[in-house]
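If you want the building blocks of each chain, they are given just below.
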Amino acid sequence: MQTAAVYTLSPPGIELSNVEVKLSGQISFSQARSKTPLPALVEACNNPDHSEICVSAVVFIDAAQPAPSISVNQLYVISSVGTPQLQFFISYDLPETEASNFQAYEVNFEASTEGLPVGVSIDMIHTIETFLWDTDPVASRGTVANVNQP
């Protein structure tokens with residue numbers, strides 16, 4: 001007996017409420033890209049007292065599509081080298097298309113302490129991994145970024 005594949009339509013983790021999205025330009029390729037989302041460009045830094053991680057990501061979405069509603073989910077994980085890590089899933093819901101022109105969106109947010117296990121604090125997080133997630137579900141490969149210290 002064969003079972004049907006189960007797809008997760010919502011990204012894992014908790015949805016962040018402090019997300020700011022703004023237009024940030026365009027990028028074009030000479031050939032159309034596949035339907036797989038482009039990986040995000042990501043920068044992360046601790047604030048001076050190490051109580052927050054501020055993340056700025058640039059995501060690229062087919063410029064022919066309407067402006068998407070973008071949300072961010074955060075998940076605490078242990079990295080492949082055994083250290084505390086946060087994963088962020090920048091999600092939207094648009095049809096997958098092959099495209100050569102992409103609209104850039106700057107997505108800014110702060111990591112939440114919600115969902116961190118007892119004994120783990122924000123200042124213990126030194127890397128984050130960010131995915132662009134289309135809710136049907138297609139995801140980019142993860143982008144790992146170091147958390148810059150002030």
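**Some details on the state of the cysteines**
No. 1: For the structure shown, the criterion picks out zero disulfides.
No. 2: As a non-bridged cysteine, C45 has C54 as the owner of its nearest cysteine sulfur, 5.2 Å distant.

**Observations regarding the packing of aromatic side chains**
The relative placement of two aromatic rings is captured by the distance of their centres and the angle of their planes.
No. 1: All told, the structure shown has four aromatic pairs when counted by the stated rule.
No. 2: With a centroid separation of 5.9 Å and 80 degrees between ring planes, the pair formed by F29 and F102 is classed as edge-to-face. With a gap of 73 residues between them, F29 in strand β2 (residues 20-33) and F102 in strand β7 (residues 99-110) connect regions that are remote in the sequence.
No. 3: Here the aromatic rings of F89 and W133 are separated by 5.6 Å at their centres, their planes lie at 90 degrees, and the arrangement is edge-to-face. Highlighted residues: F89 in strand β6 (residues 84-92) and W133 in strand β8 (residues 127-134), separated in sequence by 44 residues. Accessibility assignment for this pair places F89 and W133 in one class, buried.
No. 4: Of the aromatic side chains, those joined through ring pairs into one cluster are F89, F131 and W133.

**A short note on the environment of C45**
No. 1: With respect to the element layout, C45 can be found in strand β3 (residues 41-46).
No. 2: For the pair C45 and N146, spaced 101 residues apart in sequence, the C-alpha separation works out to 8.0 Å.
No. 3: Sequence-distant contacts of C45, defined by excluding residues within four places in its chain, comprise E52, I53, C54, V147 and N148.

**A look at the environment of Q87**
No. 1: Mapped onto the elements of the fold, Q87 is located in strand β6.
No. 2: Contact partners of Q87, with chain neighbours within four places excluded, come to N73, Q74, L75, V77, E129 and F131.
No. 3: Polar side-chain contacts of Q87 include one of 3.3 Å to the side chain of E129.

**Focus: the nonpolar core**
No. 1: Within the largest apolar cluster, 28 residues are counted, with the highest numbers of intra-cluster contacts made by I53, L86, F88, I90 and I128.
No. 2: Per-element tally for this core: the top contributor is strand β4 (residues 53-62), with five residues.
No. 3: F60, A99, F102 and A104 belong to the second-largest nonpolar core, a separate cluster that totals five residues.

What counts, and where the lines are drawn
- Residues numbered from 1 in each chain as written.
- Predicted model: local features only at pLDDT ≥ 70, side-chain atom pairs only at ≥ 80, totals over all residues.
- Heavy atoms only, no water.
- Disulfide = S-S within 2.5 Å.
- Phe/Tyr/Trp six-rings, centres within 6.5 Å; stacked < 30°, edge-to-face > 60°.
- Helix = DSSP H or I, 4+ residues; strand = E, 2+ residues; numbered from the N terminus.
- Buried < 20%, exposed > 50% of the residue type's maximum accessible area, 1.4 Å probe, protein only.
- Contact = heavy atoms within 4.5 Å.
- Polar contact = N/O pair within 3.5 Å; in protein donor to acceptor, adjacent residues only side chain to side chain.
- Core = buried A, V, L, I, M, F, W, Y, C linked by side-chain atoms within 4.5 Å.

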